[in-house]
Amino acid sequence: MLCLGIESSCDESALALVRDGVLLAQTLKSQVDVHSLFGGVVPELASREHGRVMGALYGLLLDKAGISGSDIDCIAVARGPGLLGSLLVGVAYAKALALALQKPVVGVNHLHAHILAAGLERKLEFPALALLVSGGHTHIYLVRSASDFELLGRSLDDAAGEALDKFGKMIGLPYPAGRHLDRFSGHGAADAKMFPRPYIDNDNCDFSFSGLKTAALNMVEKDPALYVGFDPSGAEPELPEGERGLRIAGVCASYIQAVADTLVVKLRRAHAKYGGARSLILAGGVAANSRVRASVAALAEELGLELVIPGPALCTDNAAMIAYNGWLLHNAGLAHALDFAAVPRGRHVPDDYSRSLCRG
Ligand code: KG4
Ligand code: ZN
């Protein structure tokens, strides 16, 4: 069974083919160059770019895989959450292909796809406790199967990645700052007393990182020596030499550790409240962070859960995860009627599959 996956929820246009759960080929066009001038993603430009490159990426993908469109059995597309204008390009393209090829189409929840992506690399054991940590989301799920996700907790304000990026901005690092903070923090030791573990004195599994951000802002405002700055020509920002550099590294390490410890507190609570998980899946861009990985790995060991973290290329946005999730849904007999909708950021993605349209 060959499933085509289409991803256009933010600033990566990507297509991939998954055959029987194995990645066959993928094409990806990042829009970083288009948006870098503006310091963030410009939604209008993002959708125009998706529309411009989608057809060419499709042709390239078929060439790479050595197949023709009629070999495709099922079309999967990221339907949300994401930038609405961008999603609409992918969804319209998927529906047009479904009509032209007379094949079923299924809309995929982009967040679920991130979590299931590791299934391309290894067998996933369900039920699984899953933490998705990216620039836009911090969600804990109990995953019972590829189509049964229960949201146990989420951030009430900034996502974990956003909290890292905003702290990076305070000390003058370019967006997205997460990986620079990661690099700097390797040269310092975390001080557990420097920053609060925010929003843990309650009994829920939600997150709030605004208090942590305010604590960091107060510290940086009082201490201008923490400001690193960077060369806008694109050179990697460097940790200053000597004592000052060590201090900055220590502050970065302490800030990241506060985020990591908070994630662990809520994961441990989710596990206690909703027992029965066999594995712990960590996904999203922040899963690349060394302290987050180490802290979550220690928790998995303590709880006796198998730890699953997808490789770096599967952590960031890609179409392989969409094709893989589409393949799983198709195997479960699920598809969508041609009038399914794209779902913008902040809205619930419904489980409005259709069973009747999926076979044949
Ligand atoms: O999942 P992702 O690639 O994109 C979405 O947000 O959808 O996640 C991006 C986030 C950014 O906040 C970025 O700073 C963070 O992941 N990130 C990291 C690292 N690499 C990426 N944060 C901490 N340490 C890293 N090594
Ligand atoms: Zn994503």
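Further up the page is the structure itself.
Residues numbered from 1 in each chain as written. Chains lettered and ligands numbered in written order. Predicted model: local features only at pLDDT ≥ 70, side-chain atom pairs only at ≥ 80, totals over all residues. Heavy atoms only, no water.

Asker: Hey, could you run me through the sheet that holds strand β6 (residues 128-133) in this one?
Answerer: Backbone-to-backbone hydrogen bonds join strands into a sheet, with any given pair of strands oriented parallel or antiparallel. Pairing is mixed in the open sheet, where five strands are placed in the order β8-β7-β6-β9-β10. Both outer strands of the open sheet, β8 (148-154) and β10 (306-308), are each paired with one neighbouring strand and no more. Strand-to-strand twist of the sheet, defined as the mean angle between neighbouring strand axes without regard to direction, takes the value 20°. (Pairing = 2+ DSSP bridges. Helix = DSSP H or I, 4+ residues; strand = E, 2+ residues; numbered from the N terminus. Axes fitted to C-alpha atoms, helices over the stretch in contact; angles between N-to-C directions.)

Asker: Would you mind showing me how to read empty space enclosed by the protein here?
Answerer: If a probe the size of a water molecule is rolled over the atoms, the empty space left behind becomes visible. What the rule picks out here adds up to two cavities of 30 Å³ or more. Of the voids in this model, the largest cavity is the one considered here, and its volume is about 40 Å³. The greatest single-element share of the lining of the largest cavity, amounting to three residues, is contributed by strand β5 (residues 105-109). Broken down by class, the residue content of the lining of the largest cavity amounts to four nonpolar, four polar and three charged. Looking at the second largest cavity, its volume works out to about 30 Å³. Around the second largest cavity, the lining residues are Val108, Asn109, His112, Ala146, Asn325, Leu329 and Tyr353. Each residue belonging to the lining of the second largest cavity can be placed in one class, and the counts come to four nonpolar, three polar and no charged. (1 Å grid on protein atoms, 1.4 Å probe; cavity = no way out; pocket = protein on both sides within 12 Å on 5 of 7 lines; lining within 4 Å. Points joined across faces, edges and corners; volume = space filled by probe spheres on them. Nonpolar A, V, L, I, M, F, W, Y, C, P; charged D, E, K, R; others polar.)

Asker: Explain unusual backbone geometry to me, please; I cannot follow it from the model alone.
Answerer: The general pattern is negative phi for most residues beyond glycine and trans for most peptide bonds. The linkage connecting glycine 80 with the following residue, proline 81, adopts the cis geometry, with an omega of -5°. Geometrically, the link from phenylalanine 126 to proline 127 is a cis peptide bond, its omega value of -5° lying close to zero. By the secondary structure assignment, proline 127 is in the loop between α4 (110-116) and β6. A positive phi angle, close to 50°, is found at aspartate 20, a residue other than glycine. Mapped onto the secondary structure, aspartate 20 falls in the loop between β2 (12-19) and β3 (22-30).

Asker: I tried to follow the packing of aromatic side chains on my own but got confused; where do I start?
Answerer: The geometry of an aromatic ring pair is captured by two quantities: the separation of the ring centres and the angle between the planes. One pass over the structure, following the stated rule, counts six aromatic pairs. Measuring from centroid to centroid gives 5.9 Å for phenylalanine 207 and phenylalanine 209, while their planes differ by 10°, and the two rings are stacked. Across the pair, exposure class does not vary: phenylalanine 207 and phenylalanine 209 are buried alike. Every member of this aromatic cluster is reached through a ring pair, and the members are Phe167, Phe195 and Tyr255. (Phe/Tyr/Trp six-rings, centres within 6.5 Å; stacked < 30°, edge-to-face > 60°. Buried < 20%, exposed > 50% of the residue type's maximum accessible area, 1.4 Å probe, protein only.)

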